[in-house]
2 protein chains.
Amino acid sequence: MNRLSLNQITTKRWSVPEAVRGCADQGVEWIGLWRDKIAEVGAAETARLLAEHGVRASSVCRGGFFTGVTPEGAAVDGVGMTREAIDETATVGADVLVLVVGGIADGDLLSSRQRVADAVGELAPYARERGVRLALEPLHPMQCAERSVLSTLDQALEIAQEHPSDAVGVIVDEFHVWWDPRVEESIAKAAGRIAGFHVCDQQVPITDGLMARSLPGTGPIDHRRLRSCVEEAGYDGPVEVEVFDADLWQQPGDEVLRQVITAYEEHVIPR
Amino acid sequence: MNRLSLNQITTKRWSVPEAVRGCADQGVEWIGLWRDKIAEVGAAETARLLAEHGVRASSVCRGGFFTGVTPEGAAVDGVGMTREAIDETATVGADVLVLVVGGIADGDLLSSRQRVADAVGELAPYARERGVRLALEPLHPMQCAERSVLSTLDQALEIAQEHPSDAVGVIVDEFHVWWDPRVEESIAKAAGRIAGFHVCDQQVPITDGLMARSLPGTGPIDHRRLRSCVEEAGYDGPVEVEVFDADLWQQPGDEVLRQVITAYEEHVIPR
């Protein structure tokens, strides 16, 4: 139970103060924060709230978009935005900044991937000096075009391994990698690089590439198998439950968090 | 141009007689047939129509569902169904039967994959005796749960390589594999095993896992790069344009086929 972290997107209606207090009330010791929510109260106030309630930030989501284009097609300075995100991550006292690297720029998948590797090379020293670990999160292949040209754990590891392991790691997010025939092997290779483990389930069939998630135990993902792979690779940090689910988002945060705790206990942690 | 094949799903409103005649009218020498359409006129009549119009069947779609469950969750005898599909493929005079292997059975991804390997082993001699090549088609990871526990070309090749190359091959379908960071390497490894090359584009973002396709040139897929990989691997057979697109399906078949030819000429074949 004490490794459970509430990824804040799961309780989308909650502000940072509500979410931090909500976690403390239900004995959840970790929270994964989102920058748009931090912005509502400020990073310093977020740090104060965390300290006041004895809740720790497992990660901040997110930096990235290194290919220079948002999912909606607008131009973005991913490196500059990520420098700010690194500072903010340090201020709230989190060790990990999650990176969503961006989709295809200029219609060229291969050069877009190279831009990601270049940007990570540029930012890794900056992050390391501030005690923040950059965490490359491969996203599901259905999000390759517009959101992440990193689609597999192997691919994320290839970039991470160019840098010290305390500077660049990877996120293992079940939703994105569960289908991968190489997932067990890839997780084993990621030993020492795993900066986070995110759990949720997948809706079947997929009718919306972004929102097709659900609470652990409601879909095809074998959470115990993946969790034990991650643990065999030496990861013993927080486990974030991160669910994008329009139905869940309609419910009050404390009710959602209760369901998160139950799903985690019943489907993720060892029997 | 003479390698272009119309996959029949692209002109969903056309029956087999309409599609065969439509191809002949526009100088398209190949067609990829679907079993539900063949069933409307019978396999023998389909063979007669093909001969009459000088059109050849590049493939029959489909056998498979070896995990014993349909996408809708019903039980199915995949091996028995595929035996019938092999006979039908031989009758219409096609060399290739496309296999969609089926989704997760009994909540167990790993044993479901083993069922696929076992079924292919059981059917390969039967197919070979009838001059039909079984073609494993890895489907996009977003269809893993309910439709295909084979998600990558590497994975399909691993099963195919247990059998003679004229008995079991693979389909390279752009929609399913374009995002794969290993796709070039995998296609090279598939030399001698490529039983078909299917082209289309992907809608962005994906709002329906099954229907998110469009004509080549309208999305993120680099058709020339993938085509040249497939050709470097020695494949010189028909190129099927296979598009599931609700808008396209509303249009008359001959109009759709005109657009298919234009898209193929402008975006797939060498400049």
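- Looking at an unreviewed UniProt entry, chain A carries the name Sugar phosphate isomerase/epimerase, with the source organism given as Prauserella isguenensis.

### With respect to the overall build of chain A
1) Next: Looking only at helices and strands, chain A has 11 helices and 10 strands in total.
2) Next: Taken over C-alpha atoms, the radius of gyration comes to 17 Å for chain A, in line with the 18 Å a tight globule of 271 residues would show.
3) Next: The principal-axis extent of the C-alpha atoms belonging to chain A is close to 45 × 40 × 35 Å.
4) Next: Across the 271 residues that make up chain A, the buried fraction comes to 63%.

### A short note on the relation of the copies chain A and chain B
1) Next: Screw-axis analysis of chain A against chain B gives a translation of 0.0 Å along the axis, an RMSD of 0.0 Å, and a rotation angle of 180 degrees. What we have between these two chains is a two-fold relation.

### Let's talk about the interface of chain A and chain B
1) Next: Between chain A and chain B, the contact holds 28 residues from the first and 28 residues from the second.
2) Next: The interface formed by chain A and chain B contains 0 salt bridges.
3) Next: Summed over the shared surface of chain A and chain B, the number is 4 residue pairs in polar contact (both at pLDDT 80 or more).
4) Next: In terms of residue count, helix H5 (residues 109-129) of chain A provides more of the side of chain A that touches chain B than any other element does, 3 residues in total.
5) Next: Among the residues making up the side of chain A that touches chain B, the classes are represented as 14 nonpolar, 7 polar and 7 charged.

### A closer look at the packing of helix H4 (residues 78-92) of chain A against H5 of chain A
When two helices pack together, their arrangement is given by the angle between the helix axes and by the axis-to-axis distance.
Residues and elements named next belong to chain A.
1) Next: The contact between H4 and H5 brings their axes to 11 Å, and the two run at 25 degrees. Regarding the angle of H4 to H5, the classification is roughly parallel. Judged by the twist between their axes, the crossing of H4 over H5 is right-handed. Where H4 abuts H5, its residues Val79, Thr82, Arg83, Ile86 and Asp87 lie against Ala119, Glu122, Leu123, Tyr126 and Ala127.
2) Next: Its residues assigned to classes, the contact of H4 with H5 shows 6 nonpolar, 1 polar and 3 charged.

### Observations regarding unusual backbone geometry
Residue and element names in this part refer to chain A.
1) Next: For the bond running from Cys61 to Arg62, omega is 15 degrees, close enough to zero to count as cis.
2) Next: Look at Asp106: it is not a glycine, yet its phi comes out positive at around 55 degrees.
3) Next: Assignment of secondary structure puts Asp106 in the loop between strand S4 (96-100) and H5.

Conventions used here
Residues numbered from 1 in each chain as written. Chains lettered and ligands numbered in written order. Predicted model: local features only at pLDDT ≥ 70, side-chain atom pairs only at ≥ 80, totals over all residues. Heavy atoms only, no water. Helix = DSSP H or I, 4+ residues; strand = E, 2+ residues; numbered from the N terminus. Rg over C-alpha atoms; globule rule 2.2 N^0.38 Å. Buried < 20%, exposed > 50% of the residue type's maximum accessible area, 1.4 Å probe, protein only. Least-squares fit on C-alpha atoms with pLDDT ≥ 70 in both. Contact = heavy atoms within 4.5 Å. Salt bridge = Lys/Arg side-chain N within 4 Å of Asp/Glu carboxyl O. Polar contact = N/O pair within 3.5 Å; in protein donor to acceptor, adjacent residues only side chain to side chain. Nonpolar A, V, L, I, M, F, W, Y, C, P; charged D, E, K, R; others polar. Axes fitted to C-alpha atoms, helices over the stretch in contact; angles between N-to-C directions. Parallel < 35°, antiparallel > 145°, perpendicular 65-115°, else oblique. Left-handed = near helix turned anticlockwise from the far one by under 90°.

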